[in-house]
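Survey of secondary and tertiary structure
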Amino acid sequence: MGAGVPLRELGLVILVAAAVTYLATGVIRSLMVRSGRIAEIRQRDVHTQPTPRLGGVAMCSGFLAAVFLANQLPALTRGFMPITPEMNAVVWAAFAIVLVGVLDDLFELDAITKLIGQVLSAVILSVLGLSWTLLYLPFGDGTTVVLDQLQATIVTTIFTVALINAINFVDGLDGLAAGLGMIAGGAILLFSLTVLHDQGGAVSAYPPAIIAAGLVGICLGFLPHNFEPSRIFMGDSGSMLIGLLLAAASTSASGKINMSLYGTADMVALMSPIIVVAAAIFVPVLDLVLAVVRRLAKGTSPFAADKLHLHHRLLSLGHTHRRTVLVLYLWVSVVAFGAVSFSVVPVRVAVALTLVALVVAFLVTLIPLRAGKLGRRTPPTHVVAHTDPTG
């Protein structure tokens, strides 16, 4: 992409993150099985085989290895201390959130204790130097608020905790959370590369690029173990880590930009990391909202199980479990990369490409391959990986 864009180095970061995560996941699964620390099937679970849940430890190992490597590469040192504290903040916050997740995976923490752990991790992220410093309010003519340390910590904590819990909820189909994390990370990485290219290696674009590259790598390395049928789940330690890294990458990419200096099209481009994250969680969270509304309208409990979830509907159309996950990947990819395209190509081209991609996604959703319709009307027993808060 030109001068100032360390493509080879970021590619190496992705490769190392993927390789270490892939190998560490196999080791952790083996250790968990041998020690007998395999989570029993809970009432809310649908899978039929007890499965280890500590994949997040392997993912964290892969991320730490990738960050260590990045710190050794001269082309990426501008993303680290003493130039910027952001990568240091991410590492400590990631360690904290994975610790909370491990405790939850092993001992089933109550909701309040887990929330306290999430808040502490987000506060660590902000206090150590990665937080929102400018907040754009799009009301009226639009104003940009400069945040002091306390305000920055509050905004960053709310944003991060919300994302951590959203990705935790998304982790409902084998391979879904890891795939969405990889897609969103890839889109934020593309945005950061564009900024690096346009601004000749701007320091502010290095941390989100490194974080996103590490995120893409750990999700890529974990997916072979986690795609249906899953041999290990990432657990809360993994899903909360993905949420935290997405929050960190999008905050680093968009939380320091004065939006009021830009036009509408530019603003879409500059906000694309936030839009990417919204895309990653929109479909599953919409499914949750619709499920609650549907059940309340029928006069039943919002937590009563039914087979009208989005994945059930896709299965009834003739999609297999794997293709259902791939369809969800497709929709998120269209929205995520559609948002980022505003920073890469002219507005008209971005709009045209996004509309074409939306039509393609719609057709793929409604017209599953003929072979997929034969003998696959009954949903497989391994539909839900480990959490579905609404049944």
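As shown above, the structure is provided for reference.
Let us look at the structure shown here.

Criteria and thresholds
Residues numbered from 1 in each chain as written. Predicted model: local features only at pLDDT ≥ 70, side-chain atom pairs only at ≥ 80, totals over all residues. Heavy atoms only, no water. Phe/Tyr/Trp six-rings, centres within 6.5 Å; stacked < 30°, edge-to-face > 60°. Helix = DSSP H or I, 4+ residues; strand = E, 2+ residues; numbered from the N terminus. Axes fitted to C-alpha atoms, helices over the stretch in contact; angles between N-to-C directions. Parallel < 35°, antiparallel > 145°, perpendicular 65-115°, else oblique. Left-handed = near helix turned anticlockwise from the far one by under 90°. Contact = heavy atoms within 4.5 Å. Core = buried A, V, L, I, M, F, W, Y, C linked by side-chain atoms within 4.5 Å. Buried < 20%, exposed > 50% of the residue type's maximum accessible area, 1.4 Å probe, protein only. Nonpolar A, V, L, I, M, F, W, Y, C, P; charged D, E, K, R; others polar. Salt bridge = Lys/Arg side-chain N within 4 Å of Asp/Glu carboxyl O. Patch = residues over 30% accessible without salt bridge, like charges linked within 9 Å, V, L, I, M, F, W, Y side chains within 5 Å. Areas by Shrake-Rupley, 256 points an atom, 1.4 Å probe, with all protein chains shown as cover.

It is worth spelling out the packing of aromatic side chains at this point. The geometry of an aromatic ring pair comes down to the distance between the two centres and the angle between the two planes. Tallied over the entire structure, the rule returns three aromatic pairs. Ring geometry for Trp132 versus Phe159: centroids 5.6 Å apart, planes at 85°, classification edge-to-face. With a gap of 27 residues between them, Trp132 in the loop between helix H4 (111–127) and strand S1 (134–137) and Phe159 in helix H5 (residues 149–170) connect regions that are remote in the sequence.

Between helix H1 (residues 7–35) and helix H2 (residues 55–72), whose axes approach to 7 Å, the crossing angle comes to 150°. As the angle between them shows, H1 and H2 are arranged roughly antiparallel. Here the hand of the crossing between H1 and H2 comes out right-handed. Together, Leu12, Val13, Val16, Ala17, Val20, Thr21, Ala24, Thr25 and Ile28 of H1 and Val57, Ala58, Met59, Ser61, Gly62, Ala65, Ala66, Leu69 and Ala70 of H2 make up the contact between the two elements.

Note that Gly221 resides in helix H7 (residues 206–226). Along the primary structure Gly221 and Ala58 are separated by 163 residues, whereas in three dimensions their C-alpha atoms are 9.4 Å apart. In this structure, Gly221 is in contact with Ala18, Thr21 and Tyr22, ignoring residues within four places of it in sequence.

What follows is about the nonpolar core. Counting residues in hydrophobic clusters, the biggest one holds 94 residues, and the most contacted among them are Ile218, Leu241, Leu245 and Leu246. Apart from the residues lying within four places of it in its own chain, the contact partners of Leu246 are Leu163, Ile167, Ala184, Gly185, Ile188, Leu215 and Val277.

Tracing the backbone shows Ser341 in helix H12 (residues 321–341). Residue classification places Ser341 among the buried positions, given a relative accessible area of 12%. When residues no more than four places from it in sequence are discounted, the contact partners of Ser341 are Ala350 and Thr354.

What follows concerns the packing of H12 against helix H13 (residues 347–366). Running from amino to carboxyl end, H12 crosses H13 at an angle of 175°, the nearest separation of the two axes being 9 Å. In this view, H12 runs roughly antiparallel relative to H13, as classed from their interaxial angle. Of the residues in H13, those in contact with Val327, Leu330, Trp331, Val334, Gly338 and Ser341 of H12 are Ala350, Thr354, Ala357, Leu358, Ala361, Phe362, Val364 and Thr365. A breakdown of the residues in the contact of H12 with H13 according to their chemical character gives ten nonpolar, four polar and no charged.

Once that is clear, we can look at the pattern of salt bridges. Following the criterion strictly, the structure yields two salt bridges and no others. Asp104 is the partner of Lys114 in a salt bridge, and the nearest nitrogen-oxygen pair spans 3.4 Å. Pair noted here: Lys114 is in helix H4 and Asp104 is in helix H3 (residues 86–107), with a separation of ten residues, a long-range link. Of the residues examined, Lys114 reaches a relative accessible area of 15% and is grouped as buried. Between Asp236 and Lys114 there is a salt bridge, with its nearest N and O atoms 2.8 Å apart. Here Asp236, found in helix H8 (residues 235–254), pairs with Lys114, found in helix H4; they are 122 residues apart in sequence, far enough to count as distant. Within this structure, Asp104, Lys114 and Asp236 form a network of salt bridges that share partners.

Taken together, the side chains of Trp92, Phe95, Leu99, Leu103, Phe107, Val127 and Leu128 define a hydrophobic patch exposed on the protein surface, amounting to about 700 Å² of accessible area. If you tally residues by element for the nonpolar patch, the top one is H3, at five residues. Topologically, Leu99 is positioned in helix H3.

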